[in-house]
Amino acid sequence: MSPATTRVPADGGHPAPDTFDALRAQLHDAATEFADGPGALDAILRGLVDDVDRALREPLEIFPVCHHSPASATAMARRLRAKQPRTVFLELCEDMAPLLTELRNCRLPVAVQAFATRVNGFPADWAPLSVVAPITEASAEYQAIAYALETPDVQLVLVDRSSDHVFQWQPLRADAEAADPEAAPAEEGTALHGDAVGVELGDLRPRFADLEKHLLRHGKVRHWSEWWHQYVEVPLGDASHDTYRQVMFLIGSLFRRLAPGDCDRVQVDEDRERYMWTRIREHLAATGADPADCVYVCGAFHAASRVAEFGVHGTDTFAVPPRTATEWQYGLIPSSHTAIEAQFGLERGSVSIAATQWEKNLKRTRTQPFRLKGQSGAKASRARKAAAPAPVTDTASGPDAADMLSGFLRRPPVLDPLDQQELLGWSVDIVRAARRNGYLASTADAIAVYETSILLAGMRDRARPTPYDFQDAAVTCIEKDAVPGRRDVARLVEIMMGGDRIGQVGYESLPPLARDVHDRLAPLGLNLQQRGVKRALLDIKSDPRLKPCSDTLWMLRYLLPHGAARPIMGERKLGERPVQESWDVALGTHQRALIELGYEGVSLEQVIEQRLRREANAPQATAAVVLRTVEDATLYLGSRRLADELGTRALQVLSTERSVDGAPEVLRRVRELLAFYRTAEPVLPEWIEQFAKTGYAHYCTLLPTAFTDETATVRQVAAMLGFLFSMESLALSLGSDRTQLELAVAQSHPEEPSKVALLWAAQVQLGRLSRQELRERCDELLDNPLVLPAYPRYLSGLLHALEPVPGLVDVVVEAVSNAFARLPDPVLLPWLPTLITTLRTSGPDLAPLLTREAGRVFPGQLAALDAWVPPWRAPTDLPDRPVRPVRPVRPAADRGTELLAAHPATCDALADLLGCDDGWTAEEAPRGSALLARYPATSHALALLLDPE
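A short tour of the structure in this document, coming up.

About the cut-offs
- Residues numbered from 1 in each chain as written.
- Predicted model: local features only at pLDDT ≥ 70, side-chain atom pairs only at ≥ 80, totals over all residues.
- Heavy atoms only, no water.
- Helix = DSSP H or I, 4+ residues; strand = E, 2+ residues; numbered from the N terminus.
- Buried < 20%, exposed > 50% of the residue type's maximum accessible area, 1.4 Å probe, protein only.
- Contact = heavy atoms within 4.5 Å.
- Areas by Shrake-Rupley, 256 points an atom, 1.4 Å probe, with all protein chains shown as cover.
- Arc of directions from axis to C-beta.
- Polar contact = N/O pair within 3.5 Å; in protein donor to acceptor, adjacent residues only side chain to side chain.
- Expected span 1.5 Å × (residues − 1).
- Pairing = 2+ DSSP bridges.
- Core = buried A, V, L, I, M, F, W, Y, C linked by side-chain atoms within 4.5 Å.
- Axes fitted to C-alpha atoms, helices over the stretch in contact; angles between N-to-C directions.
- Salt bridge = Lys/Arg side-chain N within 4 Å of Asp/Glu carboxyl O.
- Parallel < 35°, antiparallel > 145°, perpendicular 65-115°, else oblique.
- Left-handed = near helix turned anticlockwise from the far one by under 90°.
- Nonpolar A, V, L, I, M, F, W, Y, C, P; charged D, E, K, R; others polar.

### Some thoughts on the overall build of the chain
- For the chain, the helix and strand inventory stands at 41 helices and 13 strands.
- Counting the 949 residues in the chain, one finds 50% classified as buried.
- Sequence-distant contacts in the chain: of pairs separated by 6 or more residues, those separated by 24 or more amount to 76%.
- When the accessible surface of the chain is summed, it comes to about 45200 Å², and 54% of that surface belongs to carbon and sulfur atoms.

### So, helix α31 (residues 738-746)
- The complete set of buried residues in α31 reads L741, A744 and V745. Buried positions in α31, seen along its axis, are confined to an arc of 95° and lie on one side of it.
- Buried residues along α31 sit against α28 (686-708), α29 (714-726), α30 (728-733) and α32 (753-766).
- For α31, the capping residue at the N-terminal end is D737, with a side-chain oxygen 3.1 Å from the backbone nitrogen of T739.

### A look at helix α14 (residues 350-365)
- With 16 residues, α14 should cover 22 Å at 1.5 Å per step; its first-to-last C-alpha distance of 22 Å lies within 8% of that length.
- Of all the positions in α14, only S350, V351, S352, I353, A354, A355, Q357, W358, N361, L362 and T365 are classed as buried.
- Backbone geometry just after α14 places R366 at a positive phi near 55°.

### Here's the deal with the pairing of strand β2 (residues 87-93)
- With respect to burial, β2 is a largely interior element, 7 of its 7 residues being buried.
- Relative to strand β6 (residues 155-160), β2 runs parallel, the two being bridged by 5 bridges. Its bridge partner being in β6, T87 is matched across the sheet by Q155.
- By the bridge criterion, 4 bridges tie β2 to strand β8 (residues 294-299) in an arrangement that is parallel.

### Some points on the nonpolar core
- Ranked by size, the top nonpolar core spans 220 residues in total, and within it Y296, L556, F691 and L703 carry the most contacts.
- The residues touching Y296, leaving out its near neighbours within four places in the chain, are L60, E61, I62, F63, F89, V159, M276, W277 and I280.
- Residues A441, V449, Y450 and V489 belong to the second largest nonpolar core, which totals 22 residues.

### Observations regarding unusual backbone geometry
- In this structure, P109 follows L108 across a cis peptide bond, with omega equal to 5°.
- By the secondary structure assignment, P109 is in the loop between β3 (106-107) and β4 (110-116).
- If you check the backbone angles, Q84 has positive phi at about 50° while not being a glycine.
- Considering the arrangement of structural elements, one finds Q84 in the loop between α4 (70-83) and β2.
- One non-glycine residue with positive phi stands out, namely D153, at about 60°.
- Relative to the assigned elements, D153 resides in the loop between α5 (140-150) and β6.

### Some thoughts on the sheet that holds strand β12 (residues 565-569)
- Strand order in the open sheet formed by 3 strands is β11-β13-β12, and the pairing between neighbours is antiparallel. The strands lining the two open edges of the sheet, one partner per strand, are β11 (534-539) and β12. Between one strand axis and the next, the sheet turns through 25° on average, direction left out of account.
- Across 4 bridges, β12 lies against strand β13 (residues 580-585) in antiparallel orientation. Counterpart to A565 in the pairing with β13 is V585.
- Taken strand by strand, helix α22 (residues 547-559) contacts β11, β12 and β13, and its axis lies near 50° from that of β13.

### Section: the sheet that holds β6
- One open sheet holds the 4 strands; their spatial order is β1-β8-β2-β6, and the pairing between them is parallel. Looking at the sheet topology across the chains shown, the edges are occupied by β1 (61-65) and β6. Strand after strand, the sheet turns through a mean of 30° between neighbouring axes, direction not considered.
- In the packing of α5 onto the sheet, the strands contacted are β1, β2 and β6, and the crossing angle to β2 comes to about 135°.

### Some points on the side chain of S72
- Summarising the element assignment, S72 is placed in helix α4.
- Given a relative accessible area of 0%, S72 falls into the buried group.
- For S72, the side chain forms a polar contact with the main-chain nitrogen of C66, separated by 3.2 Å.
- Contact partners of S72, with chain neighbours within four places excluded, come to F63, V65, C66, A140, Y244 and M248.

### Some thoughts on the side chain of T589
- Tracing the sequence through the fold places T589 in the loop between β13 and α23 (591-597).
- Since its relative accessible area comes to 13%, T589 is described here as buried.
- Within the structure, the side chain of T589 is placed 3.0 Å from the backbone nitrogen of G532, a separation counted as a polar contact.

### A closer look at the pattern of salt bridges
- Under the counting rule described, the total for this entry stands at 38 salt bridges.
- The shortest N-O distance in the salt bridge between E94 and R323 comes to 3.7 Å. With a gap of 229 residues between them, E94 in the loop between β2 and β3 and R323 in the loop between α12 (300-303) and β9 (329-334) connect regions that are remote in the sequence.
- When its relative accessible area of 45% is taken as the criterion, R323 is described as partly exposed.
- Note that E137 and R371 form a salt bridge whose closest N and O atoms lie 2.6 Å from each other. Taken together, the residues E137 in the loop between β5 (129-135) and α5 and R371 in the loop between α14 and α15 (378-386) connect sequence positions 234 residues apart. Of the two residues, E137 and R371, both sit in the buried class.
- Where salt bridges share partners, they join E631, E665, R668, R669 and E672 into one cluster.

### Observations regarding the packing of α28 against α31
- Between α28 and α31, whose axes approach to 8 Å, the crossing angle comes to 15°. The orientation of α28 with respect to α31, classified from their angle, is roughly parallel. Once α28 is placed against α31, the crossing between them reads as left-handed. Between α28 and α31, the contacting residues are Y696, A697, C700, T701, L703 and P704 on the first element and R738, Q740, L741, A744 and V745 on the second.
- Looking at the contact of α28 with α31 residue by residue, the class counts come to 8 nonpolar, 2 polar and 1 charged.

### What to know about the environment of P824
- Among the secondary structure elements, P824 is positioned in the loop between α35 (809-822) and α36 (825-841).
- We classify P824 as partly exposed; its relative accessible area is 35%.

### Some details on the packing of helix α33 (residues 771-783) against α35
- For the pair α33 and α35, interaxial distance at closest approach is 11 Å and the crossing angle is 15°. Of the possible angle classes, the one that applies to α33 and α35 is roughly parallel. The way α33 lies across α35 gives a crossing that is right-handed. For the pair formed by α33 and α35, the contact residues are R771, L774, R775, D779, L782 and D783 on the first element and D810, V811, E814, N818 and R822 on the second.
- Looking at the contact of α33 with α35 residue by residue, the classes come out as 3 nonpolar, 1 polar and 7 charged.

### Re the environment of S69
- Secondary-structure assignment places S69 in the loop between β1 and α4.
- As for S69 and G237, which are separated by 168 residues in sequence, their C-alpha atoms are 9.7 Å apart.
- Ignoring sequence-local partners within four residues, the contact set of S69 consists of A138, W228 and E233.

Here's what the structure looks like:
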């Protein structure tokens, strides 16, 4: 025997048999010629053959596959019918096994999901944890599952790591997500898997970037999915069993040996292989099954393994690490071709093209696929059964298999002849679809697409255009400068080739919560399983039986994403009863979100209660957040027990807060709850009474600091005062002392103008400042040129003061009117955005007050505006006198000066009042007249006092 046939591979294993001696010699010669002598290249090429040889010599038949590959699915179906194994080992998370029988009630594609909302043993920021394994009909794993479940006395054993170990072996998960964030999905179907970790059976793609670029460049293709379809899927679609296995072993070994030296990823791959072989050996030892009656379905990347535990006769046993204390929930969620492509980095439309290729393979090879009984689409399966399957002629498998690899590698690619009818049909269909989507396509465009497809295929060394060639031709010939509709031509081709098929989980396979939701909404008479938006009209007044449907829809709106249940007419507020409602319901579209609710509880009420408790007891929860949970518990559950419990928690949180950030929200919610309990309950709950008392003392303590704190906004301080003034009567009745509020206001010394105005309003409310004094202070500000630029900030404070002191609305209207009348434009115009922002922020509360008061004060007709006099300028001491406009201040005149000079006794009396005993002398009179002439305002003021006319 030659040395080549007796040598032992460098990485251990069985002695190399003579099956591939010719191939080894050819590769050795090629390495010597192209690399100037044997070396690293020769070692790699010989290692590839050794890996293939080693996998073929394994007593347990290893069936290498690629995920969602129609060639793998076809070969799998043919091999299972030929061998009929008694045990099928499948590379899939072992804890998902009990869920596979539920696939009978679903329409593919769907995904098997493991979900955990609460983590124990993992970082808290990883929650929720989700692992999905998508399954399509054109996949080898589905063929293996259907065969095992539909064939009597066949065992299906899942041997891959559990869902818990998936996350245990991802220590750098957060770093990897931050370094390579996924783009936002452009299609609705891409969100079906969300941020779940995908488990794929056979991730077969080069991990060496230069190798992938080399294959794409020399294959004259654009992306990896097109290369795989052209050079693997099509040649292996009808290949023999031995040819398929050897080629897949070779590809897996090539990608494995040319992978970069990523220690973490290599370690995870090898640990997975040790894990799976350990489970296989344990099962064989426990059951005594013969490896010859078994088949091991795994990814081609793992089939060419070089770990020491490889094979059923491996001596080493892998120590399986224990699982964490995380509680996992399992279920089926709908999937789609688009979601699979987005999650696993495949080219858009590749899974749809693979589904079309699967149908072609079945017709070409006359293969009878396996299908679960009772599954949606069984009619198509029966049609295939009517056709006589092709005789199975698989060659021998195992160490005695012939060398099919050498012939496959030497044989030039088989060029399929041009199918003119198929290409003509594609060209006509794409033009028709383009017209429906707004393109100005014609018969000439169909001819151009046909000819261009043939031209592109010829340029890429293939006689028959592939779907990717046709797609390029359609984009070139039909798509012009802009896309007139929602879909471009590339997307239209994908839809025409099969489209995005979206799966559905049947009613029987839904969790109890989802089934309960469907039962509750049954009176609406809608097909909730169907995708799309359904309009539901609820006339609750005439049909009270629809009230539970309304409650369910509101709970779904609270729990599910936007769009699952969207109210068109109707609202839910505290103390209000629904009369008529209109809803847009899309539970079929958001089936995944509804299913994941079932992992949290058995009813909607239980899930809402759990979420409210979790939100209220969170470490970062504020008093405003807890009050919101109290309101939600009352709105959606009507539970007084839970509301009291959460209200007590709100009281505890409020007493520990040291900031006033949530004061506006606390004020709004506590007012609503107080108004509700006063109308709906005979007595107030104890917790809200204590909340008012505690909040009164709490905000009194923080008030002086908040007035001077630069980080506290005027809106927050106004909300504090609003709480103190609105809850004052209740707090005083419970034993609070009003002196505490008076001392807090007296100790407040703000410097910011808006807070100063807010303090004035509080002093007016407490009686320490009269309304007239407040008006005078505003007038003084307008008369002071140095304060004018800051006057709008005082007005902003007065606007916010309407929250705690709404009775000042007339003073605020007067101040705003004077500002618009007297402020110069350089000061007034920059303030307008601040005014608009203030009214917009507190619009629901402040705007109606201002509008109502302004409507009462200002004239209702434009003609009356000229003769209108503001009430604050009209005299109030003579109510019977007709109101006349105030005369404008005239320029300096001599009238007052002459009067004072003629009657000096008046000035002497004023001097006596000021403390001057000496009167004017004759010598001082001319000087006094000169002073009066220089300062005429004094004379005019005295004249108006003496004679207003």
